[in-house]
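Spelled out, the chains give:
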Amino acid sequence: MGEDSGLHDVTAPAAAVSWPDGHRAAATLGFDMDGEDVAITVDPESRHRLSAMSHQAYGALTGVPRVLELLRRHDVRATFFCPGYTAERYPDVLRRVRDDGHEIAHHGFMHEAMAGMTREQETAVLDRGLEALDRVVGLRPVGYRAPMWETTYATAELLLDRGFLYDSSLMDSDVPYELAERPGEGARSIVEIPVSWALDDWEQFAFVPELFGPGVIEDPAKSLAMWTAELTEAHRHGSCFTLTVHPFLSGRLGRLRALETLIETMQSMSDLWLAPAGELARHVRSLGLTPRVFPRPEIES
Ligand code: ZN
């Protein structure tokens, strides 16, 4: 941190952004393809629990095909954030995602939260995830979403070194912005597509005994009501509605029907731009926004 940065030298709020082609607001659907990897990272012994593993496998085996059918029927393209381990375990599933024209983005290798990692450890995870996506679907992603949305102050720089255009893991705004990799002159920036715990199905549906915390299983009507309220206001305010759902959770029949209703509401908003996160990021990059800085908070020693 530079000498000119004091305790309260926090960046300004993100400015409103304009959307292309007369659109008033934007929305993007992100399907995080967490599989067995997220469970094994939480508890390595869980890989011996066939039932717990099968709960996670529901995503690739049943949820993703159903999600793809839904998106095809509504002519919607989305972003699939895929851990490298899931990609390698279910290569044909990820190839179907690619072949349906969706964006595939990076989501770690074993769904590792970056918090507490050294720069070298974080680098190794990023590169291992990139290698897996290259091997399985032959692509170099432009987007990254940190598992558990846990990034570090090194993440932006490491992503930029690897040619990424955008990250989607931070929560200080509801409009995309340019994030400087560090304070000071000459810093590069990465587009940030911000997320929110309130717009994530994990908090609604994740429940595996002795694995994912206390767990809850909510009524899909509840999440639909919550998400519709946020969508309506995002549309009114001209911001960006970024929804995160997991095929192993939202691929279940009743939940998928609720998601379909949400998509129908989106499509009834004629001036809402619904696009993969990568397309939103390219638009934001074209605006030439001034990058914002987010210095690490200092504490008195
Ligand atoms: Zn995840």
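Report on the accompanying structure. Since the model is a prediction, treat every value here as computed from it, not as a measurement.

Calculation notes
- Residues numbered from 1 in each chain as written.
- Predicted model: local features only at pLDDT ≥ 70, side-chain atom pairs only at ≥ 80, totals over all residues.
- Heavy atoms only, no water.
- Buried < 20%, exposed > 50% of the residue type's maximum accessible area, 1.4 Å probe, protein only.
- Helix = DSSP H or I, 4+ residues; strand = E, 2+ residues; numbered from the N terminus.
- Axes fitted to C-alpha atoms, helices over the stretch in contact; angles between N-to-C directions.
- Parallel < 35°, antiparallel > 145°, perpendicular 65-115°, else oblique.
- Contact = heavy atoms within 4.5 Å.
- Nonpolar A, V, L, I, M, F, W, Y, C, P; charged D, E, K, R; others polar.
- Salt bridge = Lys/Arg side-chain N within 4 Å of Asp/Glu carboxyl O.
- Pairing = 2+ DSSP bridges.
- Core = buried A, V, L, I, M, F, W, Y, C linked by side-chain atoms within 4.5 Å.
- Expected span 1.5 Å × (residues − 1).

### A closer look at helix α11 (residues 277–286)
Taken as a whole, α11 has its buried residues at Ala277, Gly278, Leu280, Ala281, His283 and Val284. Downstream of α11 by one or two residues, Gly288 has phi in the positive range, about 65°.

### Notes on the packing of helix α4 (residues 91–99) against helix α5 (residues 119–137)
Direction vectors running N to C along α4 and α5 enclose 80°, while the axes themselves pass 9 Å from each other. It follows from the interaxial angle that α4 and α5 lie roughly perpendicular. Contacts between α4 and α5 involve Pro91, Leu94, Arg95 and Arg98 from the former and Leu133, Val136 and Val137 from the latter. Per-class residue counts for the contact of α4 with α5 are five nonpolar, no polar and two charged.

### Focus: the pattern of salt bridges
One pass over the full model with this rule turns up 19 salt bridges. Glu36 serves as the salt-bridge partner of Arg89, at 2.8 Å between the closest nitrogen and oxygen. Highlighted residues: Arg89 in helix α3 (residues 84–89) and Glu36 in helix α1 (residues 36–42), separated in sequence by 53 residues. What makes Arg89 partly exposed here is its relative accessible area of 47%. When its relative accessible area of 2% is taken as the criterion, Glu36 is described as buried. Notably, a salt bridge pairs Asp127 with Arg162, separated by 2.6 Å at the nearest N-O pair. Taken together, the residues Asp127 in helix α5 and Arg162 in the loop between α6 (155–161) and β5 (166–167) connect sequence positions 35 residues apart. The exposure class assigned to Asp127 is partly exposed, which follows from its relative accessible area of 26%. Judged by relative accessible area, Arg162 falls into the buried class, the value being 16%. The structure contains a network of salt bridges with shared partners spanning Glu69, Arg73, Arg257, Glu260 and Glu264.

### Side note on the pairing of strand β7 (residues 189–192)
On β7, burial covers both faces: Ser189 and Val191 on one face and Ile190 and Glu192 on the other are all buried. Across four bridges, strand β6 (residues 177–180) lies against β7 in antiparallel orientation. If you follow Tyr177 over to β7, its bridge partner there is Glu192.

### Side note on the nonpolar core
Formed by 41 residues in total, the largest nonpolar core has its most connected members in Leu94 and Phe241. Taken together, the elements giving at least two residues each to this core come down to β1 (25–32), α2 (50–73), β2 (79–82), α4, α5, α8 (220–237), β8 (240–245) and α10 (253–268). It is α2 that provides the largest number of residues to this core, a total of seven residues. Ignoring any residue separated from it by four or fewer positions in sequence, one finds Leu94 in contact with Met33, Cys82, Ala87, Ile104, Leu133, Val136 and Val137.

### Side note on the side chain of Ser46
If you trace the backbone, Ser46 turns up in the loop between α1 and α2. When neighbours within four sequence positions are excluded, Ser46 is seen to be in contact with Ala39, Ile40, Met53 and Leu211.

### Overview of α10
Between its terminal C-alpha atoms α10 stretches 23 Å, which fits the 22 Å expected from 16 residues at 1.5 Å a residue. The complete set of buried residues in α10 reads Arg255, Leu256, Ala258, Leu259, Glu260, Leu262, Ile263 and Met266.

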